[in-house]
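So the chains spell out like this:
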Amino acid sequence: MNVQNFNNVDPFADDDVLAGQQDVGGQQNYIHIRIQQRNGRKTLTTLQGLPVEYDAKKLLKAFKKEFACNGTLVDDVDMGKVIQLQGDQRQKISTFLIDEGLPRNTIKVHGF
C-alpha cells in the first residue's frame, strides 16, 4: 500500500515541484480587467495580459477618447504592459475588446 500523503516534503524548500508544468494557474492566456480602490470614491481600472499583436499605446489612446477619461501605460516586470484608466471602466473595456474581435472567453473581469 503506497500512500503519497504521508511523504515528508518541505513546502518551503527551494526545489521546484511544479517545474515541469508550464501553465500552472492558467493565467497567461487571459486578459484581466481589474478595479482598484484609490481614496474615497476614486477608482482605477487596470488592463493586463494584452496579446503582443495589439499596440498598447494605440489602445490607450482609443480608450481615453471613447470613455472620456484619463489613463496611462505602466511597464511592469511580471505582467508586461499594463493600461491604467481612471474610474470604473470594466464593462466598457470588455465590450470594446469584444467588438474589436477578441473572444469573450479570453477576457476576465474582476472586482467588487
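Look a little higher up for the structure.
As the structure is a prediction and not an experimental result, all values here were calculated from the model. (Residues numbered from 1 in each chain as written. Predicted model: local features only at pLDDT ≥ 70, side-chain atom pairs only at ≥ 80, totals over all residues. Heavy atoms only, no water.)

Draft legend 1. Here's a closer look at the nonpolar core. Ranked by internal contacts, the top residues of the largest apolar core, which has 17 residues, are Leu47, Phe63, Phe67, Ile83, Leu85, Ile93 and Leu97. Ranked by the residues each element gives to this core, the list is headed by helix 1 (residues 56-67), at five residues. Discounting chain neighbours no more than four positions away, the residues touching Leu47 are Ile31, His32, Ile33, Phe63, Lys81, Val82, Ile83, Ile93 and Leu97. (Core = buried A, V, L, I, M, F, W, Y, C linked by side-chain atoms within 4.5 Å. Buried < 20%, exposed > 50% of the residue type's maximum accessible area, 1.4 Å probe, protein only. Helix = DSSP H or I, 4+ residues; strand = E, 2+ residues; numbered from the N terminus. Contact = heavy atoms within 4.5 Å.)

Draft legend 2. The environment of Arg104, seen in detail. In this fold, Arg104 is placed in the loop between helix 2 (90-99) and strand 5 (107-109). Note on Arg104: relative accessible area 63%, which makes it exposed. Along the sequence, Arg104 and Ser94 sit ten residues apart, while their C-alpha atoms lie 8.3 Å from each other.

Draft legend 3. Here's a closer look at the pairing of strand 1 (residues 31-37). Two strands pair when backbone bridges link them, and strand 1 and strand 5 are joined in this way by three bridges, in the parallel orientation. Paired with His32 across the two strands is Lys108, which belongs to strand 5. In this structure, strand 1 lies alongside strand 2 (residues 43-48), joined through six bridges in antiparallel fashion. Bridge pairing in strand 2 places Arg34 opposite Thr46. Between strand 1 and strand 2, which pair antiparallel one after the other, the connecting turn spans five residues, and Gly40 there sits at a positive phi close to 70°. (Pairing = 2+ DSSP bridges.)

Draft legend 4. Just helix 2, in detail. Within the span of helix 2, buried status applies to Arg90, Ile93, Ser94, Phe96 and Leu97. One side of helix 2 holds all its buried residues, which, seen down the axis, span an arc of 160°. The exposed set on the far side of helix 2, more than 90 degrees from its buried face, consists of Gln91 and Asp99. On its buried face, helix 2 sits against strand 1, strand 2, helix 1, strand 4 (80-86) and strand 5. Gly101, located one to two residues past helix 2, shows a positive phi value of around 115°. (Arc of directions from axis to C-beta.)

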